[in-house]
Amino acid sequence: MNTVQIEDTLQPGNYFLLNKMHKKEYDLNTPDNFGQKTDYSKDFILTLVEQENIKFAHKQIKSTKHMKQGLLIDMDGVIYSGEELIFGADKFIKNLIDEDIPFAFMTNNSQRTALEVVRKLKGLGIKVEESHVYTSAMATGKFLSDQSPNGTAYVLGEGGLLSSLHDHGITLVNTDPEFVVLGEGRNFTLEMVQRAVDMILAGAKFITTNRDPSPKKPGWNNLGIAATTAMIEEATGRKAFVTGKPSPVMMRSARKFLGLETSDTTVIGDTMETDIQGGVQMGYKTILVLSGISSKDTLGHYAFKPDMIASSVDEIKFPLTWWEGK
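From a predicted model like this one, the values you see are computed outputs, not experimental measurements. (Residues numbered from 1 in each chain as written. Predicted model: local features only at pLDDT ≥ 70, side-chain atom pairs only at ≥ 80, totals over all residues. Heavy atoms only, no water.)

Focus: the overall build of the chain
Spelled out, the test is: A helix here means a DSSP run of H or I that spans at least four residues, while a strand means a run of E at least two residues long, and both kinds are numbered starting from the N terminus. Burial status follows relative accessibility: with a 1.4 Å probe on protein chains alone, a residue under 20% of its type maximum counts as buried, one over 50% as exposed, and anything between as partly exposed. The contact criterion used is simple: two residues touch if any of their non-hydrogen atoms lie within 4.5 Å.
Tallying secondary structure elements over the chain gives eleven helices and 15 strands in all. In the chain, buried positions account for 50% of the 326 residues. In the chain, of all internal contacts separated by at least 6 residues, the share reaching a separation of at least 24 is 65%.

Have a look at this one:
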């Protein structure tokens, strides 16, 4: 049978649909010529029906009125706090799924794979798919593959970061890397950090997945990636290039992951310095929730402001005011 991978038939932005289709194969010998590149066209939907994907096709037809608007949602402080679900977050996400509103959880945590994030959310009563998750590890993998296809990297990081770099064709090495990549982790040794310093001094480019600070709480079991980044910067005299929020690298690639345009993207977060700043810099609409780090008392400290403020996601109602008329 003459077949084609689903990813070969989609335009570059339609990653949301691509992930939901699980990269299945389809017969090219159909009246609607599935090999023709398409962007949610009638022929595309009809072909899905013909390939016995009736349920998915029905859902896709139903969702066309929503596909132009989507959400990038932070997790910690928005959906949960530590290991506790924030009130109303489960109903909020269920509503997005029921209404077929595209969304992705956008997290700076590079330790977890998308599957691990899905499992954590399931434990809190929220059922989503891997296609709903976009991490700084994924953004880093894409960035490095764009900069140096089949490049090499020495990595101070764990599962999610290692998996993403491998998936994007980056070879992990212990000598003479093109990049030194820093992510979250609890298994670093000073010897590993010193090796990274020597590599950077020898010419490797220094990448960090984010600069999220330590919570500065007694008993915290992780220095925080900002502290480790600062240590390496001091030792090398080289400034790290940041790929996670609020970097445009992640803010842009997360939007493209959902197949959205700039004007149709809304960011929901609890931190002015990352989620809201990143969204404002990219021209996205922004919603600040006060269920995490930020408070109303400190908003005047910033030169920018969110488009909307809510106590929690439970207060956010759809359609959003800036969606009306689109």
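Some points on the nonpolar core
Filter applied, for reference: For this analysis, a nonpolar core means a set of buried residues of the types Ala, Val, Leu, Ile, Met, Phe, Trp, Tyr and Cys, connected via side-chain atoms within 4.5 Å.
Leu-71, Ile-73, Ile-79, Ile-93 and Ile-268 are the most contacted members of the largest nonpolar core, which has 30 residues in total. For this core, the secondary structure elements donating two or more residues are β3 (70-73), α4 (89-98), β6 (103-107), α5 (114-123) and β14 (285-289).

Remarks on the sheet that holds β14
Note: strands within a sheet are paired through backbone hydrogen bonds, in either parallel or antiparallel orientation. The condition that has to hold: A pair of strands is considered paired only if DSSP assigns at least 2 bridges between the two. For helices, the fitted line uses only the C-alpha atoms of the stretch in contact; every axis is such a line through C-alpha atoms, and the angle between N-to-C directions lies from 0 to 180 degrees.
In spatial order, the strands read β7-β6-β3-β13-β14-β15; together these six strands make up an open sheet with parallel pairing. Looking at the sheet topology across the chains shown, the edges are occupied by β7 (133-135) and β15 (308-310). Here the average twist between neighbouring strands, direction ignored, is 25 degrees. Contacts between helix α6 (residues 136-147) and the sheet are confined to β6 and β7, with β7 contributing the most and set at about 65 degrees to the helix.

With respect to the packing of aromatic side chains
Put simply, the test is: Only Phe, Tyr and Trp rings take part, Trp by its six-membered ring, and two of them pair if their centres are within 6.5 Å. Stacked means planes under 30 degrees apart, edge-to-face means over 60, and tilted covers everything else. For a lysine, the NZ atom is tested; for an arginine, the CZ atom; a charge sits over a ring if that atom is within 6 Å of the ring centre and within 35 degrees of the ring normal.
For the structure shown, the criterion picks out six aromatic pairs. On the numbers, 5.6 Å between centres and 80 degrees between planes, the contact of Phe-103 with Phe-105 is edge-to-face. We classify Phe-105 as buried; its relative accessible area is 0%. Clustering of aromatic rings is evident, with ring pairs tying together Phe-92, Phe-318 and Trp-323. Here the guanidinium or amino end of Lys-120 rests over the ring plane of Tyr-80, the centre of that ring lying 4.6 Å away. The ring of Phe-179 carries the charged tip of Lys-205 above its face, separated from the ring centre by 5.8 Å.

So, unusual backbone geometry
Only a minority of non-glycine residues have a phi that is not negative, and only a minority of peptide bonds are not trans. Residues Lys-245 and Pro-246 are joined by a peptide bond in cis, for which omega reads 5 degrees. Relative to the helices and strands, Pro-246 is located in the loop between β12 (241-242) and α10 (248-258). The linkage connecting Phe-318 with the following residue, Pro-319, adopts the cis geometry, with an omega of 0 degrees. For Pro-319, the position within the fold is in the segment after β15. The backbone of Asp-100 sits at a positive phi, close to 55 degrees, despite the residue not being glycine.

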